[in-house]
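Below are the chains, spelled out letter by letter.
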Amino acid sequence: MPPPCGVPPFDPVRVRGALPLAGRLARHRRRAVAVGLAVTAAALVAAGPRDTDRSRGHPEPARAAAGTPVASGDDRPVGQRRAGTTVGAPVRIADAATVRLLRPGDRVDVIAAGETVSGSQARVVARGARVTEVPEPPGDDGGALVVLSVPRDTAAELAGASATAQLAVTLW
């Protein structure tokens with residue numbers, strides 16, 4: 001058996017272009033984050049609203065004097081309204097054929113037509129109410145139901161008006 005020989009000292013061997021493991025992971029992590037952000041941005045753009053997707057009857061949002069958007073059916077700027085103040089109000093419209101023209105997302109004015117001592121009188125109960133649902137109308141001629149998204153105060157007025165008058169809608 002030959003006598004043991006010592007190993008001569010030498011510099012470590014590195015393969016050209018290879019990074020240590022931590023550097024390689026960091027480089028790939030940055031790429032993965034960049035790709036993830038790009039995919040997220042593309043998804044948001046694809047899912048965002050388009051001018052061609054707007055439901056009919058939706059005007060551009062009204063602006064207050066200071067350039068602040070105004071809530072529909074409410075004279076206060078959007079920033080001054082409390083969150084969650086709109087509710088779904090089911091309303092029975094006297095003419096079922098008119099309700100068949102409505103789609104969710106449409107804006108309507110609700111008009112109450114009642115009989116008074118001096119004759120018939122009509123008044124606007126809700127302005128710019130958004131239609132949220134249009135259930136299938138029953139077969140009878142008793143009108144049709146529509147669900148509107150309105151502020152709480154307006155919902156109370158709608159309930160009171162529907163008890164005393166016939167309601168109609170006008171499409172924006």
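A.B. asks: I'd like a description of the overall build of the protein, backed by residues and values.
C.D. replies: Regarding its fold elements, the protein presents three helices and five strands. In the protein, the order of α-helices and β-strands from amino to carboxyl end is α-β-α-β-β-β-α-β. The buried share of the protein, reckoned over its 172 residues, is 23%. Nonlocal contacts in the protein, meaning residues at least 24 apart in sequence, comprise 65% of its contacts between residues at least 6 apart. Summed over all atoms, the accessible surface of the protein reaches about 12500 Å², with 58% contributed by carbon and sulfur.

A.B. asks: Before we move on, could you go through the nonpolar core and cite the residues and values that matter?
C.D. replies: Ranked by internal contacts, the top residues of the largest apolar core, which has 23 residues, are V108, V110, V146, L148 and L158. Of all the elements in the fold, those that place two or more residues in this core are β1 (86-93), α2 (96-99), β2 (107-116), β3 (119-133), β4 (144-151), α3 (152-164) and β5 (166-171).

A.B. asks: Quick one: what's the story with the environment of V91, residue by residue and with numbers?
C.D. replies: Tracing the sequence through the fold places V91 in strand β1. On a C-alpha basis, the gap between V91 and A155 in space is 9.2 Å, while along the polypeptide they are 64 residues apart. Apart from residues no more than four positions distant in its own chain, V91 is found in contact with A144, L145, V146, L148, L158 and L167.

A.B. asks: Requested: an account of the environment of E157, with residues and values cited.
C.D. replies: Along the chain, E157 falls in helix α3. In this structure E157 comes out as partly exposed when scored by relative accessible area, which is 42%. Put simply, E157 and V125 are 32 residues apart on the chain and 6.7 Å apart in space, counted from C-alpha to C-alpha.

Here is what the cut-offs are and how they apply
- Residues numbered from 1 in each chain as written.
- Predicted model: local features only at pLDDT ≥ 70, side-chain atom pairs only at ≥ 80, totals over all residues.
- Heavy atoms only, no water.
- Helix = DSSP H or I, 4+ residues; strand = E, 2+ residues; numbered from the N terminus.
- Buried < 20%, exposed > 50% of the residue type's maximum accessible area, 1.4 Å probe, protein only.
- Contact = heavy atoms within 4.5 Å.
- Areas by Shrake-Rupley, 256 points an atom, 1.4 Å probe, with all protein chains shown as cover.
- Core = buried A, V, L, I, M, F, W, Y, C linked by side-chain atoms within 4.5 Å.

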